[in-house]
Amino acid sequence: MAISGLVSNRNFTSFIAPGNYQLRKDLSLQRGSIFSVHHGGQIAKNPFARKISHIEQREVYGLGVRKLSKVKRACVHYRSEEYEIDETKVDPVVSNEGASEARQLEGNGTTVSPWWRKLPKRWLIVLLCFTAFLLCNMDRVNMSIAILPMSQEFNWNSTTVGLIQSSFFWGYLLTQILGGIWADKLGGKVVLGFGVVWWSMATVLTPIAARLGLPYLLIMRAFMGIGEGVAMPAMNNILSKWIPVSERSRSLSLVYSGMYLGSVVGLAFSPFLIQNLGWPSVFYSFGSLGSIWFAFWLQKAYSSPKDDPDLGAEEKRLILEGGVSKAPVSDIPWKLILSKAPVWALIISHFCHNWGTFILLTWMPTYYNQVLKFNLTESGLLCVLPWLTMAVFANIGGWIADTLVSKGVSVTAVRKIMQSIGFLGPAFFLTQLSHVKTPAMAVFCMACSQGSDAFSQSGLYSNHQDIGPRYAGVLLGLSNTAGVLAGVFGTAATGYILQRGSWNDVFKVSVALYIIGTLVWNIFSTGEKILD
């Protein structure tokens, strides 16, 4: 009599009757294929058998038993010549893949998985993009804190500081459109992975370049910009393929809130690292984190749902029926794209938006230090508040936008409402800075300005996928090129204005551009697809 029992890598069900025990396996079986069990010349069939791989053998209770790792089902059969029993049983086994654990509950045999196993794969992609953008801004804003002790050590004036801050945008500008083209043709996984590795290496090498001389530092900051320049187009491409329209605002808001939280982390930890380990430690520690992210990205990410072999059929159907782009891009119709008024509304509005945003990103610590008289640590900690506000309100705005769309409000109306808040809110609060009397009120106005700015993630930043999902990467590359030009000119111009004027003059320019952006956006933008 041959009996074999239910086996898992946590327990072993023993049997009373003595005899010869036997376990059979077939590595060639695919999911849904037939598992054969022999009994008296006849074949019993199990239609629930699944592919079995990576078999590890061990002896349990003197029986020839195989432990199955990295499988979802173990098929065990036993045969009794004495009692004419022939049966095949299927038992869930623990998978050693990743950190997941499926456990069989007593009584009903239901499997329970940890929360990370239940997370939809499309939202795992969103979280990985969120983390990439977290690192992106951590590596970008550390210079805005480190520039204070660096300028003292190397005797840099305000014009030189503005030149260093703007040099990042030289490289950032070069790869906006190229990053979009590469992402639409090669896939977002390849391009975003390249970008993170590139800018992480440039971050680590920044202190070495600074000690070699100013030209080397400018080149290294431009190199860092090259890597970060592909991030937004690549992210936009990969989310356009993974996220249905009904979840678009929430997903983009979450990813962009990674940028804001990256600013929070960078601005909060940089002063402590600088005071305890010196300013180079900021670049070494932040830059090294990119290698950890890249390891997860290689293992878990795919450019498209069609490329993911582990994606469930139900989620794949939800994604593909949710209006995402399925066809790859071979040729880009530049003439058609540039002939559309909503595309130019994106480009102009992105320029107006980024002028104010990048000024605050790069010059806020200096404003706190020079105008509000905060020291290095206080400047870093108080700079956290506006970006933390942006992270919160970006997700609130995303939830509001998706809720409005789900209730039948047109996508066009939702995009115009969200972006109008993103323009007029910062404009109003920046005008109040010249009237406040205390540092606390100045910080409050900064936080409110950035918080209302975050509604732009549900406005113009979501609109690329609305008007042309197949060309989402290229469209973001185009509009963000204009945004980067705003960063280049705005950051450098701020240093020039401060040598001849005041911070009120800096803020007046930003307010004027916010108003122009509001008018252009509400007249020419649309939420309908105009590029197929």
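Only a predicted model underlies this, so the values are computations on that prediction, with no experimental measurement involved.

Draft legend 1. Here's a closer look at the overall build of the protein. Check the secondary structure of the protein and you find 18 helices and eight strands. Taking contacts inside the protein between residues at least 6 apart in sequence as the whole, the part at least 24 apart equals 76%. For the protein, the computed accessible surface area is about 22,900 Å², with 61% contributed by carbon and sulfur atoms.

Draft legend 2. Representation of helix α4 (residues 176-186). When we look at burial in α4, the residues that qualify are Gln176, Gly179, Gly180, Ile181, Ala183 and Asp184. Those residues of α4 that are buried are in contact with α3 (158-174), α5 (188-212), α6 (214-229), α7 (231-242), α11 (334-338) and α17 (472-500). Looking one or two residues past α4, Gly187 carries a phi angle of roughly 110°, positive in sign.

Draft legend 3. Inspection of the packing of aromatic side chains at higher detail. Applying the stated criterion across every chain, the model contains 14 aromatic pairs. For the pair Trp279 and Phe283, a centre-to-centre distance of 6.3 Å together with 85° between the ring planes defines the contact as edge-to-face. The residues Trp279 and Phe283 share a single accessibility class, namely buried. Centroid distance Phe423 to Tyr514: 6.2 Å. Interplanar angle 50°. Geometry classified as tilted. Residue Phe423 is located in helix α14 (residues 411-432), and its partner Tyr514 is located in helix α18 (residues 503-524); the two are separated by 91 residues in the primary sequence. Residue classification places Phe423 among the buried positions, given a relative accessible area of 0%. Note on Tyr514: relative accessible area 0%, which makes it buried. These aromatic residues form a ring-pair network of at least three members: Phe154, Trp156, Trp279 and Phe283. The ring of Tyr172 is capped by Arg140, whose NZ or CZ atom sits 5.0 Å from the centre of that ring.

Draft legend 4. A look at the side chain of Asp139. Relative to the helices and strands, Asp139 resides in helix α2 (residues 121-154). In this structure Asp139 is buried but unpaired, with Arg221 as the nearest side chain of opposite charge at 8.4 Å. Once residues lying within four places of it in the same chain are set aside, the contact partners of Asp139 are Trp199, Ser200, Thr203, Arg221, Met224, Glu228, Phe286 and Gly287.

Draft legend 5. Quick look at a nonpolar patch on the surface. A surface patch of nonpolar side chains, about 720 Å² in accessible area, is lined by Leu178, Trp182, Leu186, Val190, Phe194, Trp198, Ile219 and Phe223. Every element with two or more residues in the nonpolar patch is listed here: α4, α5 and α6. You can see Phe223 is positioned in helix α6.

Draft legend 6. Main features of the pattern of salt bridges. Enumeration over the complete set of coordinates arrives at seven salt bridges. Among the ionic pairs, Arg122 bridges to Glu247, the shortest N-O distance being 2.8 Å. Of the two residues, Arg122 sits in helix α2 while Glu247 sits in the loop between α7 and α8 (248-277), which places them 125 residues apart along the sequence. Comparing Arg122 with Glu247 shows no difference in burial state: the two are buried. With a closest N to O distance of 3.2 Å, Glu315 and Arg122 form a salt bridge. In this pair, Glu315 sits in helix α10 (residues 313-320) while Arg122 sits in helix α2, placing the two residues 193 residues apart along the sequence. Just as Glu315 is buried, Arg122 falls in that class too.

Draft legend 7. View of the nonpolar core. Counting 117 residues, the largest nonpolar core has Leu239 and Tyr256 as the members making the most contacts within it. Take this core: its biggest share by element is 19 residues, from α2. Ignoring anything within four residues of it in the chain, the contact list for Tyr256 reads Phe133, Met232, Met235, Gln457, Tyr461 and Leu476.

Draft legend 8. Spatial organisation of the environment of Val230. Topologically, Val230 is positioned in the loop between α6 and α7. Remark: the alpha-carbon pair of Val230 and Gly477, spanning 247 residues in sequence, is separated by 8.2 Å. When sequence neighbours within four positions are dropped, the list of residues in contact with Val230 reads Thr175, Gly179, Trp182, Val191, Phe194 and Gly195.

Draft legend 9. Main features of α7. Compared with the 16 Å implied by 1.5 Å per residue over 12 residues, the 16 Å span of α7 between its first and last C-alpha is a close match. Within α7, 12 of the 12 residues are buried, which leaves the element mostly enclosed by the surrounding structure. When α7 is considered as a whole, its buried residues turn out to be Ala231, Met232, Pro233, Ala234, Met235, Asn236, Asn237, Ile238, Leu239, Ser240, Lys241 and Trp242.

Draft legend 10. Structural detail: the environment of Gly225. You can see Gly225 is positioned in helix α6. By relative accessible area, which is 0% here, Gly225 ends up buried. Each C-alpha atom of the pair Gly225 and Trp198 lies 9.3 Å from the other, and the pair is 27 residues apart in sequence. Not counting the four nearest positions on each side in its chain, Gly225 is found in contact with Phe168, Gly171, Tyr172 and Thr175.

Draft legend 11. Up close: the packing of α7 against α8. Contact pair α7 / α8: the axes reach a minimum separation of 11 Å and the direction vectors enclose 150°. Judged by the inter-axis angle, α7 sits roughly antiparallel to α8. For the element pair α7 and α8, the recorded crossing hand is right-handed. Counted together, Met232, Met235, Asn236 and Leu239 of α7 and Ser251, Leu252, Val255 and Tyr256 of α8 form the full contact between these two elements. Among the residues making up the contact of α7 with α8, the classes are represented as six nonpolar, two polar and no charged.

Draft legend 12. A look at the state of the cysteines. A complete count under the given rule lists zero disulfides for this structure. Sulfur of Cys445: no disulfide; nearest cysteine sulfur belongs to Cys448 and is 6.6 Å away.

Draft legend 13. Seen up close, the confidence of the model for the protein. Averaged over all residues, the pLDDT of the protein is 77; the fraction at 70 or higher stands at 74%. In the model of the protein, strand β3 (residues 55-60) stands out as the element of lowest mean pLDDT, 39, in contrast to α14, which has the highest, 94. The model gives residues 1-107 a pLDDT under 50, and that stretch makes 203 contacts with residues more than four places away or in other chains.

Draft legend 14. Spatial organisation of the packing of α14 against helix α16 (residues 460-467). Taken N-terminus to C-terminus, the directions of α14 and α16 make an angle of 155°; their axes are 9 Å apart at the nearest point. As far as their axial angle goes, α16 and α14 are roughly antiparallel. The two elements α14 and α16 meet at a crossing, and its hand is left-handed. Every residue of α16 that contacts α14 at Val411, Arg415, Gln419 and Phe423 is listed here: Leu460, Ser462, Asn463 and Asp466. Partitioned by chemical class, the residues of the contact of α14 with α16 number three nonpolar, three polar and two charged.

Analysis parameters
- Position labels on residues start from 1 in each chain and follow its written sequence.
- Local features in this predicted model are restricted to residues of pLDDT 70 or higher, and side-chain atom pairs are both shown and tallied only at a pLDDT of 80 or more, whereas totals for entire chains, interfaces and linings draw on every residue.
- Water and hydrogen atoms play no part in the side-chain values, which are based on all heavy atoms of the structure.
- For the purposes of this entry, the term helix denotes a DSSP run of H or I that reaches at least four residues, the term strand denotes a run of E that reaches at least two, and both are numbered from the N terminus.
- The contact definition used throughout considers only heavy atoms, calling two residues in contact when any of these lie within 4.5 Å.
- In this description, accessible areas are obtained by the Shrake-Rupley approach with a 1.4 Å probe, and a residue is regarded as covered only by the protein chains that are shown.
- Relative accessibility decides the category of a residue: with a 1.4 Å probe and only protein chains considered, values under 20% of the type maximum give buried, values over 50% give exposed, and everything between is partly exposed.
- Put simply, two rings from Phe, Tyr or Trp (the six-membered ring, in Trp's case) pair if the centres are within 6.5 Å, and we call them stacked under 30 degrees between planes, edge-to-face over 60, tilted for the rest.
- By definition, being over a ring means that NZ of Lys or CZ of Arg is both within 6 Å of the ring centre and within 35 degrees of the ring normal.
- Asp and Glu are treated as the negative residues and Lys and Arg as the positive ones, with His and the ends of the chain left uncounted.
- Salt bridges are defined by distance alone: a side-chain nitrogen of Lys or Arg within 4 Å of a carboxyl oxygen of Asp or Glu.
- The patch calculation keeps residues exceeding 30% relative accessible area without a salt bridge and links them within 9 Å when they carry like charges or within 5 Å when they are nonpolar (Val, Leu, Ile, Met, Phe, Trp, Tyr).
- In these notes, a set of buried Ala, Val, Leu, Ile, Met, Phe, Trp, Tyr and Cys residues joined through side-chain atoms within 4.5 Å is what counts as a nonpolar core.
- Helices are assigned an expected span. That span is 1.5 Å times one less than the residue count.
- Every angle, taken between N-to-C directions, lies between 0 and 180 degrees, and every axis is a line fitted to C-alpha atoms, over only the stretch in contact when it is a helix.
- Should an angle lie under 35 degrees it is considered roughly parallel, over 145 roughly antiparallel, and from 65 to 115 roughly perpendicular; all remaining angles are considered oblique.
- Crossings are assigned a handedness: left-handed for a near helix turned anticlockwise from the far helix by less than a right angle, right-handed for a clockwise turn.
- Throughout this entry, Asp, Glu, Lys and Arg are counted as charged residues, while Ala, Val, Leu, Ile, Met, Phe, Trp, Tyr, Cys and Pro are counted as nonpolar. The remaining residues, Gly among them, count as polar.
- The disulfide definition used here is simple: a pair of cysteine sulfur atoms within 2.5 Å.
- Values of pLDDT, the confidence the predictor places in each residue, fall between 0 and 100.

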